Amino acid sequence: MFSKEDKDQIEARGSSVQTAAEQVERFRKGFPWMKIVAPATPGRGIYVPSEEDAEAAAKTYETADIAGKCKFVPASGAASRMFKDLFSGLDKLNAGEAVADDAPASRFADSIAKFAFYDKALFGEAEETHDRKAILSRTLTDEGLAYGSKPKGVLKFHRYPDGEIRTAFAEHLVEAQDYMRNSDGTANLVVTVSPEHLELFKAALAEVQAEYEQKYGVKYNVSFTFQDKATDTMAVDTQNAPFRKEDGSLLFRPAGHGALIYNLNSIEDEIVSIKNIDNVATEAYLPVTAKYKKVLLGKCVELRDRIYGYLCELDHMCTPVAGYNEFTSALVPGYKTTYEDLSTTPEAIALCDDIEAFLKNELCITIPEPSDCADRVKKLREKLDRPIRVCGMVRNQGEPGGGPFIIEEKDGSTSLQILEGVQINQADPEAVKALSEATHFNPVDLVCCLRNYKGEKFNLLEYVDEDAGFISSKSYQGRELKALELPGLWNGSMSRWNTLFVEVPLETFNPVKVVLDLLRPAHQA
């Protein structure tokens, strides 16, 4: 399948020929459908906090002992999809074709003065003469702002009454100093960017860092990371053969946000908040945003402490009270060390009953039928000792995003998962029924605990479900191809995590997927 030149190209990217071959085979055999038990809904998979519960969770977070925390912001890629409709309109105008008044490109041009990036010197004349073509061109191309090739994070999103203008990245800095501040007054951010955009982000940070640190009394520690090229995946043609470019070389493509599990895995902090670069609002929305982010953080701490407590009890249940002393190596008769020795005691059975009820009622986790008491302890412990994620869920209003479901795992257990539409078998009536009954969706607003009950970092790569990836149809220079995406960061990459879904208000979700979204109230100060 691969020539010597192919192998050299693959290895030069930091990958392996075996991995490349496995990716081609994945195209051929596809990915299995997720087996849906039911949609996660309030009372069954989604926790809906009362006002009192929300206040208690926020207080828990504010007083918790946390071994470092940071905000993780996926911000790779250009904003080209944000301006897709504008490019389409500009192409028509350049070709001498008419663009309807209610088309997105026309609505944008007619509202140009309402956008934070409006500059009278750049757009004033075109605005006065209603020159839509000039307005579009000066927004998208090097003739003006060149926003069509820049990343969302450095675009000017919000203009305030006092004249201040903030980028999406700047709004994340403002948020971080509120709800992700460490006890020493620092706010840590890890931002994933493309190498070609690094200098733009550094400039955007330099423009506001000193001002914000003085204004908010905070010290920012910002790290920029890249998606490793070694995680790019091979493309294939429509016959599932390796796709080759004009020069005969293999085509590799970025593997989607699932590749960022490697970046997340390198973070040393215990608690991490994840939020997309475009999901910000003006500072008027910060009180509600910060409140419910603290609710998610508090629920994460509560879940962490309860799971840690159970694991410590299991350890204590099997703590050697006789035998070899691990420090002195002195032999004490009657040593009992294994779950087989102690799992049948009344205390052990009661503890396992409590753990099993907790997993089922709080996290929708059931375990396969154990073979005996010792096997039951082993299965329960395996389910407990995992990374934790608490995901905000909003009522479904037709916005794009993954949905929360209860699924059946390969081993027969059940768990809470975030599924994308491509993971749901549209030919399965039961799956379609579950999809139609879903009440919430995931706005990519989550909090993670990355350490185990002994304070050690989890290796997050051990908790990825490799069968939860995606295959999509793309093109390259007009030729059709198939692209492979790794299991999504908050989908299959976190498949084997302990998960809690928490309802949060729709006001906390204000993404900018297309440029006209900036005309919504959350983005107009």
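Each value, and the rule that gives it
- Residues numbered from 1 in each chain as written.
- Predicted model: local features only at pLDDT ≥ 70, side-chain atom pairs only at ≥ 80, totals over all residues.
- Heavy atoms only, no water.
- 1 Å grid on protein atoms, 1.4 Å probe; cavity = no way out; pocket = protein on both sides within 12 Å on 5 of 7 lines; lining within 4 Å.
- Points joined across faces, edges and corners; volume = space filled by probe spheres on them.
- Helix = DSSP H or I, 4+ residues; strand = E, 2+ residues; numbered from the N terminus.
- Buried < 20%, exposed > 50% of the residue type's maximum accessible area, 1.4 Å probe, protein only.
- Lys, Arg positive; Asp, Glu negative; His and termini not counted.
- Salt bridge = Lys/Arg side-chain N within 4 Å of Asp/Glu carboxyl O.
- Polar contact = N/O pair within 3.5 Å; in protein donor to acceptor, adjacent residues only side chain to side chain.
- Contact = heavy atoms within 4.5 Å.
- pLDDT = per-residue confidence, 0-100.
- Core = buried A, V, L, I, M, F, W, Y, C linked by side-chain atoms within 4.5 Å.
- Pairing = 2+ DSSP bridges.
- Axes fitted to C-alpha atoms, helices over the stretch in contact; angles between N-to-C directions.

### Topic: empty space enclosed by the protein
Here is step 1: If you walk through the whole model with that rule in mind, you get 4 cavities of 30 Å³ or more.
Here is step 2: The calculated volume of the largest cavity comes to roughly 60 Å³.
Here is step 3: For the largest cavity, the full set of lining residues is Glu 171, Val 174, Glu 175, Ala 281, Thr 282, Glu 283, Tyr 285, Leu 286 and Thr 289.
Here is step 4: Counting residues per element, the ones that place at least two in the lining of the largest cavity are α8 (168-179) and α11 (286-317).
Here is step 5: In terms of residue count, the dominant contributor to the lining of the largest cavity is α8 (3 residues).

### A closer look at the side chain of Lys 69
Here is step 1: Looking at where Lys 69 falls in the secondary structure, it is placed in strand β4 (residues 69-74).
Here is step 2: Buried charge without a salt bridge: Lys 69, with Asp 184 as the nearest opposite-charge side chain at an N-O distance of 8.8 Å.

### Some remarks on the side chain of Arg 376
Here is step 1: One can find Arg 376 in helix α14 (residues 373-384).
Here is step 2: Relative accessible area serves as the criterion here: at 15%, Arg 376 is assigned to the buried category.
Here is step 3: Within the structure, the side chain of Arg 376 is placed 2.6 Å from the side chain of Asp 353, a separation counted as a polar contact.
Here is step 4: Of the polar contacts made by the side chain of Arg 376, one reaches the side chain of Glu 356; its length is 2.8 Å.
Here is step 5: The residues touching Arg 376, leaving out its near neighbours within four places in the chain, are Ile 349, Cys 352, Asp 353, Glu 356, Ile 367 and Pro 370.

### Notes on the pattern of salt bridges
Here is step 1: One pass over the full model with this rule turns up 35 salt bridges.
Here is step 2: Between Asp 110 and Arg 132 there is a salt bridge, with its nearest N and O atoms 2.9 Å apart. Residue Asp 110 is located in helix α5 (residues 104-110), and its partner Arg 132 is located in helix α7 (residues 132-140); the two are separated by 22 residues in the primary sequence.
Here is step 3: The class of Arg 132 is partly exposed, set by a relative accessible area of 21%.
Here is step 4: Here Lys 293 ties to Asp 445 by a salt bridge, and the two come within 2.3 Å at their closest N and O atoms. Taken as a pair, Lys 293 in helix α11 and Asp 445 in strand β16 (residues 445-449) lie far apart in primary sequence, 152 residues in all. Take Lys 293 and Asp 445: they sit in the same class, and that class is buried.
Here is step 5: What emerges from the salt-bridge pattern is a single network uniting Arg 26, Lys 410, Asp 465 and Asp 467.

### Let's talk about the confidence of the model for the protein chain
Here is step 1: This prediction gives the protein chain a mean pLDDT of 92; 94% of its residues lie at or above 70.
Here is step 2: The low-confidence segment residues 320-337 (pLDDT under 50) makes 23 contacts with residues lying over four places distant or belonging to another chain.

### A closer look at the nonpolar core
Here is step 1: Phe 108, Val 191 and Val 515 are the most contacted members of the largest nonpolar core, which totals 99 residues.
Here is step 2: Considering each element in turn, this core owes the most residues, 15 residues, to α11.
Here is step 3: Residues contacting Val 191, with those up to four places away along its chain left out, are Val 73, Ala 75, Phe 169, Phe 201, Val 222, Ser 223, Phe 224 and Thr 225.
Here is step 4: Counting 30 residues, the second largest nonpolar core, distinct from the first, contains Cys 391, Ile 418, Leu 460 and Leu 489.

### Observations regarding the sheet that holds strand β1 (residues 35-39)
Here is step 1: Strand order in the open sheet formed by 3 strands is β1-β13-β14, with antiparallel pairing between adjacent strands. Two strands in the sheet have a free side with no partner beyond their single neighbour: β1 and β14 (414-419). On average, each strand axis in the sheet is inclined to that of its neighbour by 45°, with strand direction left out of account.

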